[in-house]
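Each chain, written out:
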Amino acid sequence: QNDLYVALTFVIFNVGDLTGRLLSDRVNIDAIADLSKKLVLLSLARLLFGPIFYLCSARDSAFEEVIIKSDIFSMLLQYSFALTNGMLLSLSFMHAPSLIPSNASVQGIASTIMNFSLVLGLLCGSFFSFGYAIVGTGRI
């Protein structure tokens, strides 16, 4: 019935992520006090998306009662998740050079560490998704 639903969720995520990256250009990072702490707190606050996704309707859900039955809400939630992903990632990469001395070798090492951390985070997130799916569907 919903053959295009999965493809649509990929499009929604990518559009939201791109929008977040483009919107981050409008943020004046120099004017924000304690930006490092705020970025960490906002990134941790994104963990709240996980339980909210469980409240949405899904095929093969392990939960008896689905609180939010609207696919539109689910899509808006995913768009918000992607928007914050793109924005926080871009702002973090924009802010990082201001935390490091202007030495070219130090900045080269820092950019390598940042890119490695990004890839490691993506890898860990993909592994975590298996456990998240097991909890959501109740299947092992």
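Residues numbered from 1 in each chain as written. Predicted model: local features only at pLDDT ≥ 70, side-chain atom pairs only at ≥ 80, totals over all residues. Heavy atoms only, no water.

S.K.: What is the right way to read the nonpolar core from this model?
M.R.: Inside soluble globular proteins, nonpolar side chains tend to come together where they are buried. With 5 residues, the main nonpolar core is built from Ile-29, Leu-35, Leu-39, Leu-88 and Leu-91. Elements that contribute at least two residues to this core include exactly helix H2 (35–45) and helix H4 (71–95). Setting aside anything within four residues of it in sequence, one finds Leu-39 in contact with Leu-88, Leu-91, Ser-92 and His-95. (Core = buried A, V, L, I, M, F, W, Y, C linked by side-chain atoms within 4.5 Å. Buried < 20%, exposed > 50% of the residue type's maximum accessible area, 1.4 Å probe, protein only. Helix = DSSP H or I, 4+ residues; strand = E, 2+ residues; numbered from the N terminus. Contact = heavy atoms within 4.5 Å.)

S.K.: In this structure, what is going on with the packing of aromatic side chains? I would like to understand it.
M.R.: The description of an aromatic ring pair rests on the distance of the ring centres and on the angle between the ring planes. Overall, the coordinates contain 4 aromatic pairs when judged by the stated rule. Aromatic pair Phe-49 and Phe-81: ring centres 5.1 Å apart, planes at 65°, arrangement edge-to-face. With a gap of 32 residues between them, Phe-49 in helix H3 (residues 49–55) and Phe-81 in helix H4 connect regions that are remote in the sequence. Given the relative accessible area of 25%, Phe-81 is considered partly exposed. Taken together, the ring pairs in this structure connect Phe-13, Phe-49, Phe-53 and Phe-81 into an aromatic cluster. Over the face of the ring belonging to Phe-81 we find Arg-46, whose NZ or CZ atom lies 4.2 Å from the ring centre. (Phe/Tyr/Trp six-rings, centres within 6.5 Å; stacked < 30°, edge-to-face > 60°. Lys NZ or Arg CZ within 6 Å of the ring centre and 35° of its normal.)

S.K.: Explanation requested: the packing of H2 against H4 in the structure shown.
M.R.: Helix-helix packing: each pair is described by the crossing angle between the helix axes and the interaxial distance. Orientation of H2 relative to H4, taken along the N-to-C sense of each, is 155°, at an axis distance of 11 Å. Classified by the angle between their axes, H2 and H4 sit roughly antiparallel to one another. H2 and H4 meet at a crossing whose hand is left-handed. Contact residues: H2 offers Leu-35, Ser-36, Leu-39, Leu-42 and Ser-43, while H4 offers Leu-88, Leu-91, Ser-92 and His-95. (Axes fitted to C-alpha atoms, helices over the stretch in contact; angles between N-to-C directions. Parallel < 35°, antiparallel > 145°, perpendicular 65-115°, else oblique. Left-handed = near helix turned anticlockwise from the far one by under 90°.)

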